Amino acid sequence: MPEWTRLVRARLSALRLDAARESEIVEELSQHLEEEHETLRREGLGDADAQARVTNELLTPEALAAWMRPLRQSHVPPPVAAGAPRGSLWRDLAQDLRYAFGMLRRQPGSPPAPS
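In what follows, the accompanying structure is described. (Residues numbered from 1 in each chain as written. Predicted model: local features only at pLDDT ≥ 70, side-chain atom pairs only at ≥ 80, totals over all residues. Heavy atoms only, no water.)

Brief notes about the overall build of the protein chain
Looking only at helices and strands, one finds five helices and zero strands in the protein chain. Secondary structure elements of the protein chain occur, N-terminal to C-terminal, as α-α-α-α-α. Long-range contacts, defined as pairs at least 24 residues apart, comprise 59% of the intrachain contacts of the protein chain with a sequence gap of at least 6. Summed over its atoms, the accessible surface of the protein chain is roughly 9,000 Å², and 56% of this surface lies on carbon and sulfur atoms. (Helix = DSSP H or I, 4+ residues; strand = E, 2+ residues; numbered from the N terminus. Contact = heavy atoms within 4.5 Å. Areas by Shrake-Rupley, 256 points an atom, 1.4 Å probe, with all protein chains shown as cover.)

Examining the nonpolar core
In summary, soluble globular proteins display a tendency toward joint burial of nonpolar side chains. Listed in full, the 11 residues of the largest apolar core are Trp4, Val8, Leu12, Ile25, Val26, Leu29, Leu33, Leu40, Ala50, Val54 and Leu58. Broken down by element, this core gets its largest block of residues, five residues, from helix H2 (residues 19-42). (Core = buried A, V, L, I, M, F, W, Y, C linked by side-chain atoms within 4.5 Å. Buried < 20%, exposed > 50% of the residue type's maximum accessible area, 1.4 Å probe, protein only.)

Overview of the side chain of Ser30
Along the chain, Ser30 turns up in helix H2. There is a polar contact of 2.7 Å between the side chain of Ser30 and the backbone oxygen of Val26. Residues within four places of Ser30 in sequence aside, it is in contact with Trp4, Thr5 and Val8. (Polar contact = N/O pair within 3.5 Å; in protein donor to acceptor, adjacent residues only side chain to side chain.)

Notes on helix H1 (residues 4-12)
Buried residues of H1: Trp4, Val8 and Leu12, and no others. The arc that holds every buried residue of H1, seen down its axis, measures 60°, which confines them to one face. When the buried face of H1 is taken as reference, the exposed residues oriented beyond 90 degrees from it are Arg6 and Ala10. (Arc of directions from axis to C-beta.)

What about the packing of H1 against H2?
The description of two packed helices rests on the angle between their axes and on the distance between the axes. Between H1 and H2, the shortest axis-to-axis distance is 9 Å and the interhelical angle comes to 130°. In terms of orientation, H1 and H2 fall into the oblique class. Of the two possible hands of crossing, H1 and H2 adopt the one that is right-handed. Contacts from Trp4, Thr5, Val8, Arg9 and Leu12 in H1 reach Glu22, Ser23, Ile25, Val26, Leu29, Ser30, Leu33, Glu34 and His37 in H2. Residues of the contact of H1 with H2, tallied by class, amount to seven nonpolar, four polar and three charged. (Axes fitted to C-alpha atoms, helices over the stretch in contact; angles between N-to-C directions. Parallel < 35°, antiparallel > 145°, perpendicular 65-115°, else oblique. Left-handed = near helix turned anticlockwise from the far one by under 90°. Nonpolar A, V, L, I, M, F, W, Y, C, P; charged D, E, K, R; others polar.)

Looking at a nonpolar patch on the surface
There is a patch of nonpolar side chains on the surface, built from Leu89, Trp90, Leu93, Leu97, Phe101 and Leu104 and spanning about 700 Å² of accessible area. In this fold, Leu104 is placed in helix H5 (residues 89-106). (Patch = residues over 30% accessible without salt bridge, like charges linked within 9 Å, V, L, I, M, F, W, Y side chains within 5 Å. Salt bridge = Lys/Arg side-chain N within 4 Å of Asp/Glu carboxyl O.)

Some points on H2
The end-to-end C-alpha distance of H2, which contains 24 residues, comes to 34 Å, matching closely the 34 Å that a straight helix rising 1.5 Å per residue would cover. All of the buried residues in H2 are Arg21, Glu22, Ile25, Val26, Leu29, Ser30, Leu33, Glu34, His37 and Leu40. Among the residues trailing H2, Gly44 stands out with phi positive, at a value near 110°. (Expected span 1.5 Å × (residues − 1).)

So, the packing of H2 against helix H3 (residues 47-59)
Two numbers describe how H2 lies on H3: the axes approach to 9 Å, and their chain directions differ by 140°. When the axes of H2 and H3 are compared, the pair comes out oblique. In the crossing of H2 with H3, the sense of the turn from one axis to the other is right-handed. Together, Leu33, Glu36, His37, Leu40 and Arg41 of H2 and Asp47, Ala50, Gln51, Arg53, Val54, Glu57 and Leu58 of H3 make up the contact between the two elements.

In structure tokens, the structure reads:
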């Protein structure tokens, strides 16, 4: 089984990502490469040929950008210390109320059934 994490880490080194974000991307891409390798093996390619094809795909300039495009949407929240305030109570309450009113506007509730 090829060591994909080393190859992915080497490709990501120029991006200078923070450690948590880099680990997330390395894990995701390594899993994708492993799945691609296994698919090629099931299709009849030998281990060396499947590994070479997946490695060549990783090394193309547009491949890394294509694989990272959906990952950019993901966000790793910063760790929160226990007991630390997370935000403004009033801002959070206002956001919750806006959401609730929006949901009621889109899907008004039905009247209660008669007793």
